[in-house]
Amino acid sequence: MSDFHRFSLPLGLLVSFATAIDVVAAPPSWPEFQNGGTAVAAEVNLPTHWAPDQNIAWTADIVGYGQSAPIVAHDQIVVTSTSGENKDDYHVSAYDFASGDLRWQVDLKNPSPFKNTPMVSRAAPTAIATDTGYIAFFEGGALIALSPEGKTLWQKDLVAEYGKIEARHGLSASLEQNNDLVFVWVERGEEPYILALNKTDGEVVWKAPGVGSTSWASPRLIPVGSSHHLVCSASGKIVGLDPASGDRLWEFSDISNNTSCTPMPVGDGQFLIGASDGRGETAAGAAAASNGLIEISKGEDGKFTAAYKWQAKKATSTFGSPVVAGDTAAIVNRTGVLYRLDLQTGDQVSIARTAAGGIWATPIVSGDRIYLFGNKGTTSIVSLTDGKEIASNRCWDAEAESGEGVRSGSVLYAAAAAPPYLILRRGDKLYAISAGDEK
């Protein structure tokens, strides 16, 4: 079995790293965006208290700026970033897991230079870890496979092969993978496409049309029976593809404002989907109805369809995807209000305003706690037992921020659970949080 074999997640089950993915004992791996769709770390004790002067094991500066999530594998933490006035250069950087020291950095030229501003994606796609190393993708069309030592295994320029990439605010889709293939979703303005490439040599196995709508979400493999569907969510439409051939198996269009959240697996043939309130574009009730649990079914004719099993009544999302939290679905709105809905029925279980505020990162569930990573730097930890906020923590002083919001490095984009650390990623820095001095 491959080290990064795709597994099926039973309904409501929190899976430990040790059982979910067959990896070396130390340290555990977080091999891709959202940990492959689980976003959980059961049976481990993540830190619950930290501050700029407490329980930070190490920090590491990141060259340039990046919005991707960190991945953890091969005893390293790997991130991507970009630098230059026109995002001229892309970088893949690997840091020692124990110390945070930079082990190696690979630099690439951007095939599609574009003004480096907060209004476009900046190294937003998250890389993947494979048995033989890493594969990184950048919104300008650069795709590269690297060994654990940073040696190039293969490389592609998707602009040279398939033409210019132009998309509203850039691309953000992270890579997805199964045993043999890596999936690359290029939802550009004209002739969008999805690629499946052999992870070993980069050869294209199939190329299929994209969704044909605006999206900053990532593709996700959803278990369906004995196989999987590659599910892609874009504004007003969700599609399911056969990962072996790229054939479109089904389409779902009873949804709106679903541009940012990635489908989250919930057992066989089911996934959570999130959508925003559109900043006043739609009524609150209509926006909430686009958040819910979708079920994929196979008819007697052998064809697949997708439909809501339930829809939310009040809960809406922003950039952080809904996640499975025990026997509930956890959804965080743009102001940091946490809604927990019964995973089977969609009935509201609890609602709480948190100190985190708006989140851009996917929450992480650890045992009976959920971690909400506010984009301004505050992480709220909420008990799944009584719904109360246990703690709110920061890695840097709020007073030290430049006040430029998304224009500065002080934006918390992502987190990864890699015991004994919780890894946080700012636009320009990594933080390794340890349990250390817990109170």
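Notes on the structure in this doc start here. (Residues numbered from 1 in each chain as written. Predicted model: local features only at pLDDT ≥ 70, side-chain atom pairs only at ≥ 80, totals over all residues. Heavy atoms only, no water.)

### Digging into the overall build of the protein chain
- Counting secondary structure elements, the protein chain contains three helices and 32 strands.
- Relative to its full complement of 439 residues, the protein chain shows a buried share of 62%.
- The contacts in the protein chain between residues at least 6 apart in sequence include a share of 55% that link residues at least 24 apart.
- For the protein chain, the accessible surface area stands at approximately 16400 Å², while carbon and sulfur atoms represent 48% of it. (Helix = DSSP H or I, 4+ residues; strand = E, 2+ residues; numbered from the N terminus. Buried < 20%, exposed > 50% of the residue type's maximum accessible area, 1.4 Å probe, protein only. Contact = heavy atoms within 4.5 Å. Areas by Shrake-Rupley, 256 points an atom, 1.4 Å probe, with all protein chains shown as cover.)

### Section: the environment of A196
- Mapping A196 onto the fold places it in strand β12 (residues 193–198).
- Along the backbone, A196 and A208 are 12 residues apart, and their C-alpha atoms lie at a distance of 8.7 Å.

### Looking at unusual backbone geometry
- Residues P419 and P420 are joined by a peptide bond in cis, for which omega reads 10°.
- In this structure, P420 sits in the loop between β30 (412–418) and β31 (421–426).
- Notably, N55 is not glycine yet its phi reads approximately 65°, a positive angle.
- Looking at where N55 falls in the secondary structure, it is placed in the loop between α1 (17–20) and β1 (56–61).
- In this structure, N257 is a non-glycine residue whose phi angle is positive, near 55°.
- Looking at the element boundaries, N257 is found in the loop between β17 (248–252) and β18 (264–265).

### What to know about the sheet that holds strand β19 (residues 270–273)
- Pairing within the open sheet is antiparallel, and its four strands lie in the order β18-β19-β20-β21. The open sheet has two free edges, formed respectively by β18 and β21 (304–311), since each of these has just one partner strand.
- Sheet topology places β18 next to β19; two bridges connect them, and they run antiparallel. Within β19, the position partnered with M264 by the bridge is L272. (Pairing = 2+ DSSP bridges.)

### Observations regarding the sheet that holds strand β15 (residues 227–234)
- Read from one edge to the other, the open sheet built from four strands follows the order β14-β15-β16-β17, with strand pairing classed as antiparallel. Looking at which strands have only one partner, the edges of the open sheet turn out to be β14 (220–224) and β17. Within the sheet, the average angular offset between the axes of one strand and its neighbour, ignoring direction, is 30°.
- Sheet topology note: the β14/β15 ladder contains five bridges and is antiparallel. By the bridge assignment for β15, I222 is matched with H229. (Axes fitted to C-alpha atoms, helices over the stretch in contact; angles between N-to-C directions.)

### With respect to the pairing of β19
- Burial of β19 is two-sided: the residues Q270 and L272 facing one way and the residues F271 and I273 facing the other way are all buried.
- With antiparallel pairing between neighbouring strands as the criterion, β18 and β19 make up a hairpin whose turn holds four residues, including G267 at a positive phi of roughly 75°.
- Looking at chain direction, β19 and strand β20 (residues 292–298) are connected through four bridges and run antiparallel. Of the residues in β20, the one forming a bridge with F271 is I294.

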